[in-house]
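Okay, here's what each chain looks like letter by letter:
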Amino acid sequence: GTRMSSLAFLLGRAGSAAMLKTKPVSQIRSIGRVSQRVYALAVGDKLPAGSFDYFDSENNIKSISVDELCKGKKVVLFAVPGAFTPTCSMKHLPEFIDKSDEIKASGVDTIACISVNDPFVMDAWAKSVGAGDKVMMLADGSGIFTKDLGVSLDLTDKGLGIRSRRYAMIVNDGAITKLNLEEAGAFTISGADQILAAL
């Protein structure tokens, strides 16, 4: 119906939706005692502090901080609006799984997928697509990292709450060296091939 068509559009099955402009990180909105970043980080910025939950190879739930993930390493991070959604499951994540050996051969220590989902959903999704040890599946369950990065996507009217815009980035020792941030609904610049070309 109309609801599902609109939902598929926002998650990337169709073209881009309303434009979301990226502006300097210095523009911060303060709400009472809470400061919220309203524009995305950019190349040269350090990643915000935070942590993610994930399941390890022995099926134990673990937590890893941004510092532990990135310090002294070259990392490729990519984010999707949601696990099991069409473009994410059929294109975005599979591309990084298929190209993981090439990406790591170019000097990358870790490839990780981030989504505003819980770790149980991320683990089930990883198993369904055969992510194995090729792509680390990180749950930003409450969307805190996503908000601090400045890439929140409000899909409340679609019943999905606050999610993440689609992006891919290269991070060197915690600093962003390449950022491909998609407009809402698009999947044109954040794929594995674009990241490989930038390495």
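Basis of the calculations
Residues numbered from 1 in each chain as written. Predicted model: local features only at pLDDT ≥ 70, side-chain atom pairs only at ≥ 80, totals over all residues. Heavy atoms only, no water. Helix = DSSP H or I, 4+ residues; strand = E, 2+ residues; numbered from the N terminus. Buried < 20%, exposed > 50% of the residue type's maximum accessible area, 1.4 Å probe, protein only. Polar contact = N/O pair within 3.5 Å; in protein donor to acceptor, adjacent residues only side chain to side chain. Core = buried A, V, L, I, M, F, W, Y, C linked by side-chain atoms within 4.5 Å. Contact = heavy atoms within 4.5 Å. Arc of directions from axis to C-beta. Expected span 1.5 Å × (residues − 1). Phe/Tyr/Trp six-rings, centres within 6.5 Å; stacked < 30°, edge-to-face > 60°.

Participant: Could you clarify how one ought to interpret the environment of arginine 166 in this entry?
Facilitator: Among the structural elements, arginine 166 can be located in the loop between β9 (161-164) and β10 (167-172). With a relative accessible area of 4%, arginine 166 lands in the buried category. C-alpha of arginine 166 to C-alpha of alanine 186: the two residues are 20 residues apart in sequence and 7.9 Å apart in space. At a separation of 3.0 Å, a polar atom in the side chain of arginine 166 contacts the side chain of histidine 92.

Participant: I'm lost on the nonpolar core in this one. Help?
Facilitator: Most often, soluble globular proteins keep nonpolar side chains buried together rather than apart. Membership of the largest hydrophobic core comes to 24 residues, with the highest contact counts inside it found for Phe78, Phe96, Cys113, Trp125, Val135 and Met137. The set of elements that each furnish at least two residues to this core consists of β5 (74-79), α3 (86-98), β6 (110-115), α5 (119-129), β7 (136-139), β10 and α7 (192-198). Counting residues per element, this core draws most heavily on α3, which supplies 4 residues. One finds Tyr54, Leu69, Ala79 and Val151 within the second-largest nonpolar core, a separate group that totals 23 residues.

Participant: Help me understand the environment of lysine 74 in this model?
Facilitator: When you line up the elements, lysine 74 lands in strand β5. Using a relative accessible area of 25% as the deciding quantity, one classes lysine 74 as partly exposed. Sequence spacing of lysine 74 and aspartate 173 is 99 residues, and the spatial spacing of their C-alpha atoms is 6.3 Å. Sequence-distant contacts of lysine 74, defined by excluding residues within four places in its chain, comprise Gly107, Val108, Asp109, Thr110, Ile170, Val171, Asn172 and Leu199.

Participant: Looking at this structure, how should I read unusual backbone geometry?
Facilitator: Glycine aside, the phi torsion of most residues is negative, and most peptide linkages are trans. One non-glycine residue, asparagine 59, lies in positive phi territory at about 65°. As for its position among the elements, asparagine 59 is in the loop between β3 (51-55) and β4 (61-65). Accessibility expressed as a relative area gives 44% for asparagine 59, which makes it partly exposed. Not every positive phi belongs to a glycine, and aspartate 173 is a case in point at roughly 55°. By the secondary structure assignment, aspartate 173 is in the loop between β10 and β11 (175-181).

Participant: Just to check I follow, could you spell out α5 for this structure?
Facilitator: An α-helical turn contains 3.6 residues, so any two residues separated by three or four positions project in the same direction. Taken as a whole, α5 has its buried residues at Pro119, Met122, Asp123, Trp125 and Ala126. Seen along its axis, α5 keeps its buried residues to an arc of 165°; they face one direction. Turned more than 90 degrees from where α5 packs its buried face, Phe120 and Lys127 sit exposed. Residues of α5 that are buried make contact with β3, β4, α3, β6 and β7. Where α5 starts, the residue carrying a side-chain oxygen 2.9 Å from the main-chain nitrogen of phenylalanine 120 turns out to be aspartate 118. Residue glycine 130 follows α5 closely and has a positive phi angle near 70°.

Participant: Explanation requested: α3 in the structure shown.
Facilitator: Given a rise of 1.5 Å per residue, 13 residues ought to cover 18 Å, and the 17 Å separating the end C-alpha atoms of α3 matches this to within 8%. When α3 is considered as a whole, its buried residues turn out to be Thr87, Cys88, Ser89, His92, Leu93, Phe96 and Ile97.

Participant: Explain the packing of aromatic side chains here, please?
Facilitator: The relative placement of two aromatic rings is captured by the distance of their centres and the angle of their planes. Applying the stated criterion across every chain, the model contains 4 aromatic pairs. With centroids separated by 6.3 Å and ring planes inclined at 45°, the aromatic side chains of phenylalanine 84 and tryptophan 125 adopt a geometry described as tilted. Of this pair, phenylalanine 84 sits in the loop between β5 and α3 while tryptophan 125 sits in helix α5, placing them 41 residues apart in sequence. On the basis of relative accessible area, phenylalanine 84 is assigned to the partly exposed category, the value being 45%.

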